[in-house]
Amino acid sequence: MQIVAVTKYVSLETTRAALEAGIRHIGESRTQDAVPKWEALGEKAATWHFIGHLQTNKVRDMIGRFAYVHSLDRLSLAKELNKRSEQQQSITHCMVQVNISGEETKHGLTPQEVPDFLAAIHDMPYIKANGFMTMAPYVEDPEEVRWVFRELRELRERMQQQYPKLSLEHLSMGMSNDYHIAVEEGATFIRLGSTLVGDERN
């Protein structure tokens, strides 16, 4: 299990301090903030993750900088990632975002859409589906959302059987409020922001 430090609400200086303290995975969710931080700190020994909703016209800014995209949620984005990665002769590792909870405010495929989506991207050589990502509803008692994480794990298990040539090893799930439940349900990446690096918004 790896911790991704979500630095979208902290400064460049705080992000640098996190790296100097030993953090090795950095998560950003807005290209306008992410690219300047990568350009300032990208030489540091870190793996960079794009964790937010990614607009197709912003893909060119991410390729070659961010090793993982946690929010692959539509075919048009997959095609653009594949095209831009081919131009850079690089592989972009992706988590397929799944909206397990069904909340209208969240992006992601429905669980029912996942098999056909994996079939559609299976032969795109410059992107690699490495697993799945989901976001649980915010609740006071995180036990109430355990089912969300469990269903994503069970979906991964079914898809790995259906597509044995894919290496769907990762589950990106769990944030500051519910990460301990996500870990118990099999998370391989947890995304920690306020509880790890703080929140510097005014």
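Conventions used here
Within any chain, residue numbers begin from 1 and follow the written order of that chain's sequence. Note on the predicted model: pLDDT of at least 70 is required for a residue's local features to be given, and 80 or more for side-chain atom pairs to be given and counted; whole-chain, interface and lining totals, by contrast, use all residues. To obtain the side-chain values, all non-hydrogen atoms of the structure were used and water was disregarded. By definition here, a salt bridge exists when the distance from a side-chain nitrogen of Lys or Arg to a carboxyl oxygen of Asp or Glu is within 4 Å. Secondary structure follows DSSP: runs of H or I at least 4 residues long count as helices, runs of E at least 2 residues long count as strands, and numbering of each begins at the N terminus. Contacts: residue pairs with any heavy atoms within 4.5 Å of one another. What makes a nonpolar core is a set of buried Ala, Val, Leu, Ile, Met, Phe, Trp, Tyr and Cys residues whose side-chain atoms join them at distances within 4.5 Å. Working definition: with a 1.4 Å probe on protein chains only, accessible area under 20% of the residue-type maximum means buried, over 50% means exposed, and in between means partly exposed. Angles run from 0 to 180 degrees between N-to-C directions of axes, and those axes are lines fitted to C-alpha atoms, restricted for helices to the stretch in contact. Just so you know how the angles are binned, under 35 degrees is roughly parallel, over 145 roughly antiparallel, 65 to 115 roughly perpendicular, and the rest oblique. Helix crossings are classified by the rotation of the near helix relative to the far one: an anticlockwise turn of less than a right angle makes the crossing left-handed, while a clockwise turn makes it right-handed. Asp, Glu, Lys and Arg are counted as charged, while Ala, Val, Leu, Ile, Met, Phe, Trp, Tyr, Cys and Pro are counted as nonpolar; the rest, among them Gly, fall into the polar class.

A. Just the pattern of salt bridges, in detail. Summed over all chains, the structure comprises 13 salt bridges. Between R30 and D33 there is a salt bridge, with its nearest N and O atoms 2.9 Å apart. Among the ionic pairs, R150 bridges to E185, the shortest N-O distance being 3.1 Å. Residue R150 is found in helix α6 (residues 146-162), and its partner E185 is found in the loop between α7 (179-184) and β8 (189-192); the two are separated by 35 residues along the sequence. Where salt bridges share partners, they join E143, R146, R150, R153, E157, E184 and E185 into one cluster.

B. Region of interest: the environment of V10. If you trace the backbone, V10 turns up in the loop between β1 (2-6) and α1 (12-20). C-alpha of V10 to C-alpha of L72: the two residues are 62 residues apart in sequence and 24 Å apart in space. Setting aside residues no more than four positions away along its own chain, V10 makes contact with T15, K37, V197, G198, D199 and E200.

C. Just the nonpolar core, in detail. The biggest cluster of nonpolar side chains holds 53 residues, and the ones touching the most others in it are L72, L81, L118, I121 and F132. Of the residues forming this core, the biggest block, 5 residues, is contributed by α6. Listed in part, the 5 residues of the second largest apolar core include V4, Y68, M133 and F189.

D. Seen up close, the environment of G193. Tracing the sequence through the fold places G193 in the segment after β8. For G193, a relative accessible area of 12% translates into the label buried. Once the C-alpha coordinates of G193 and V4 are considered, the two residues, 189 residues apart in sequence, prove to be 8.4 Å apart. Discounting residues that sit within four places of it in the chain, G193 has contacts with V6, S176 and G198.

E. Representation of the packing of α1 against helix α2 (residues 31-41). In contact at an axis separation of 11 Å, α1 and α2 are set at 50° when each is read in the N-to-C sense. By the angle between their directions, the pair α1 and α2 is classed as oblique. Regarding α1 and α2, the two cross each other, and that crossing is right-handed. Between α1 and α2, the residues in contact are L12, T15, R16 and L19 and K37, A40 and L41, respectively. For the contact of α1 with α2, the residue count by class is 4 nonpolar, 1 polar and 2 charged.

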